[in-house]
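# Survey of secondary and tertiary structure
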Amino acid sequence: MEQRSEYAQASRWLTAFEKALRACDREALLECFAGECHWRDMLAFTWNISPHDDCLSVVDALICHQPQVNARNFRVAQGRTPPRRVKRTGEDVIEAIFSFETDVARCHGVLRLPVTAPDRAWVFSSSMTELKGHEEPILQRRPAGSAISRNFGGANWSDLRTQEQRFEDREPVVLIIGGSQGGVSLAARLRLLGVDALVVERGARVGQTWRDRYHSLALHNEVAINHFPYIPFPPNWPKYLPKDMLAGFLEFYAWAMQCNVWTSTTFIHGDYDEKSGRWNATVRVEDGSERTLHPTHIVFANGIAGGKRIPELPGLSDFKGEVLHTEDYYSGASYKGKDVLVLGTGTSGHDCAQDLHEHGANVRLIQRGSTTVVSVEAAAFNNTVHYQENIPLEDADLIGTAPTMPLLRRGYQLNVKRMKEHDKELLNGLRARGFKLDFGPDEAGHQMKLRTRHGGYYLNCGCAELIASGDIGLLQWQDAERFVAEGLLMKDGTIEKADLLIAATGYYPQEEVVKNLLGEEIAEKVGPIWGLAENGELRNMFGPTPQRGLWFVGGGLSQNRVYTHYVAIQIKARELGLTQ
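Criteria and thresholds
Each chain carries its own residue numbering, running from 1 in the written order of its sequence. At least 70 in pLDDT is required for a residue's local features to be given in this predicted model, at least 80 for side-chain atom pairs to be given and counted, and no such filter applies to totals for whole chains, interfaces and linings, which use all residues. Side-chain metrics rest on all non-hydrogen atoms present in the structure, leaving aside hydrogens and water. Planes of paired rings set the category: under 30 degrees apart is stacked, over 60 is edge-to-face and the rest tilted, where pairs are Phe, Tyr or Trp rings (Trp by its six-membered ring) whose centres lie within 6.5 Å. Under the scheme used here, helices are H or I runs from DSSP no shorter than 4 residues and strands are E runs no shorter than 2 residues, and both carry numbers assigned from the N terminus. Only protein chains enter the calculation, and the probe is 1.4 Å; a residue is then buried if its accessible area is under 20% of its type maximum, exposed if over 50%, and partly exposed in between. Whether a charge sits over a ring depends on NZ of Lys or CZ of Arg being within 6 Å of the ring centre and within 35 degrees of the ring normal. Whenever two N or O atoms come within 3.5 Å, that pair is a polar contact, provided that in protein one can donate a hydrogen and the other can accept it, and provided that, for residues adjacent in sequence, both atoms are side-chain atoms. Pairing between two strands requires that DSSP report at least two bridges joining them. Helix axes are fitted to C-alpha atoms over the stretch in contact, other axes to C-alpha atoms as well, and angles between N-to-C directions run from 0 to 180 degrees. Between two residues, a contact is recorded if the distance between any of their heavy atoms is within 4.5 Å. A helix is expected to span 1.5 Å for every residue after the first. Picture the helix axis, draw a direction to every C-beta atom, and the arc is the one those directions span.

## Re the packing of aromatic side chains
All told, the structure shown has 32 aromatic pairs when counted by the stated rule. Here the aromatic rings of Trp13 and Phe124 are separated by 5.8 Å at their centres, their planes lie at 45 degrees, and the arrangement is tilted. Linking Trp13 in helix H1 (residues 2–22) with Phe124 in strand E7 (residues 121–131), this pair joins segments that are 111 residues apart in sequence. The same class applies to Trp13 and to Phe124, which are both buried. Summarising the aromatic geometry, the rings of Trp477 and Phe483 are spaced 6.0 Å apart at their centres and angled 40 degrees between planes, so their arrangement reads as tilted. Ring pairing ties together the aromatic residues Trp13, Phe17, Phe33, Trp39, Phe45, Phe74, Phe98, Phe100 and Phe124, which thus form one cluster. When the ring centre of Phe167 is taken as origin, the NZ or CZ atom of Arg170, which lies over that ring, is 3.9 Å away. Above the face of the Phe439 ring, Lys420 is positioned so that its terminal group lies 4.4 Å from the ring centre.

See below:
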């Protein structure tokens, strides 16, 4: 009976909303939304990711776009998680997934009605699901395969795939730089939309970036949120995936989804031809020869950071020991009994320090600035909330895209309070050792650090306890004078001896990569990549950039699964002439 009531309340709101929207009745629309309300549109109305965070802005934007999109047939979505009462960002709400359509697309959205005032929406999201006439050929729409099955006397599937991947008779519509999670996820989605894409990966195999990382690396968030589009991980795989399992899955995924990939291929340079609307993109292939391709779109799927960065450190040129960036570190097996300094207290720094310690090295971490530390268990308060509710992955993804940044920040702040309590003993142990802690911008934790700077935090897998116990030493950079031949000279005159320095000092920003590969003019035109824009969305990510035909995808596995859907649809829409 309670579920029926929630269904009825959601249906009543959707009916009233559609009536007001189709009439573009401003006063009636204002009556549909609470004083504090949030609307995040994912292409359905605006062909972009567009947030609005106040009632007047929401209504004005709806009225502005409705005449062009003709949104209609709003109803509680059939076959999806039914309307239910849940707590979101500390509020008791009725949450419903609804469906609707526009002239060109079928769409879904999320509605949250306060339990105390269910006639006015607090949260409303609208997400383009598929373009009419260009539905993905999956499940019941899967192709018959008659052209490649039992093709006696002709080319079989393998022959055709080999020929297709050579691109001898055509140009790719989309050139994707990077053959890791973002690149292959986007390539798979574009293929199902009928958009010809080529992935270039400088490594010898798909997923090579993961294979090359340090030996002990495993994901710091649970498998439940990290599945790939169309093909989930096997149900017996561990909660925290080792990097080589992930690399192997990436290679399998690219094969299974028939992604066109050139490995051992490096993107050298690109420039955009405004007259033809195409790129001149030069790549160096495995045999050392170069080829210039002419795609309409280039997508950087090489992560969100550029080359490894080791800052200028006083006296480093005098240091006689070995210096490695974390990107070049693989294992501590050869450093047993050695003195090692690790400069940087982010995730990679902690992981490398712990690995070295377990191999018998004498390790000291050097902290340059305060760090957000949270246990992997407490981090799940943010990361997996929708994925532990026994609902389909596509529903959890849709629910996860609903909040705008002000709501996300508020939710993060609430969860930081829970995290502090959960990790109290751990944090007190770190403080006792002099470890400098913070809890992110606005006390919004590691997730806000991820969005603003993609670093400065550690999801604890055991290194924090080793610091607290003194098994791994801790130094503060402010107490250091300079590097000397034997190690690090401290201001009190002592020398912290070292045979190896690991620089866990991060990477140059993605805009440096753009400058090197596409030139300063395009880099300046595009501007910063990642970090928060004025509207709270990630800058130049998952949407059109100021440079026509240039796109960026990146972030964690879940971000790539969710947002490559929207990038693929935006590219397809441009190829169809539906938007510019």
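## A word on helix H4 (residues 157–166)
N-cap assignment for H4: the residue whose side-chain oxygen lies 3.1 Å from the backbone N of Ser158 is Asn156. Downstream of H4 by one or two residues, Phe167 has phi in the positive range, about 55 degrees.

## Description of the sheet that holds strand E11 (residues 266–273)
One open sheet accounts for 3 strands, arranged E11-E12-E13; its pairing is antiparallel. A strand with exactly one partner marks an edge of an open sheet, and here the two such strands are E11 and strand E13 (290–293). Strand-to-strand twist across the sheet, computed as the mean angle between neighbouring axes with direction ignored, equals 15 degrees. In terms of strand pairing, strand E12 (residues 278–284) meets E13 through 4 bridges, oriented antiparallel. Counted as the bridge partner of Arg284 is Glu290 from E13. With respect to the sheet, helix H15 (residues 510–518) is in contact with E11 and E12, its orientation differing from that of E11 by roughly 75 degrees.

## Digging into helix H7 (residues 243–256)
Across its 14 residues, H7 extends 20 Å between first and last C-alpha, which sits within 8% of the 20 Å expected from 1.5 Å per residue. Within H7, burial applies to Lys243, Leu246, Ala247, Phe249, Leu250, Tyr253 and Ala254. Angularly, the buried residues of H7 cover 165 degrees about the axis, an arc narrow enough to put them on a single face. Contacts made by the buried residues of H7 are with helix H5 (181–192), helix H6 (208–212), strand E10 (261–262) and helix H17 (557–576).

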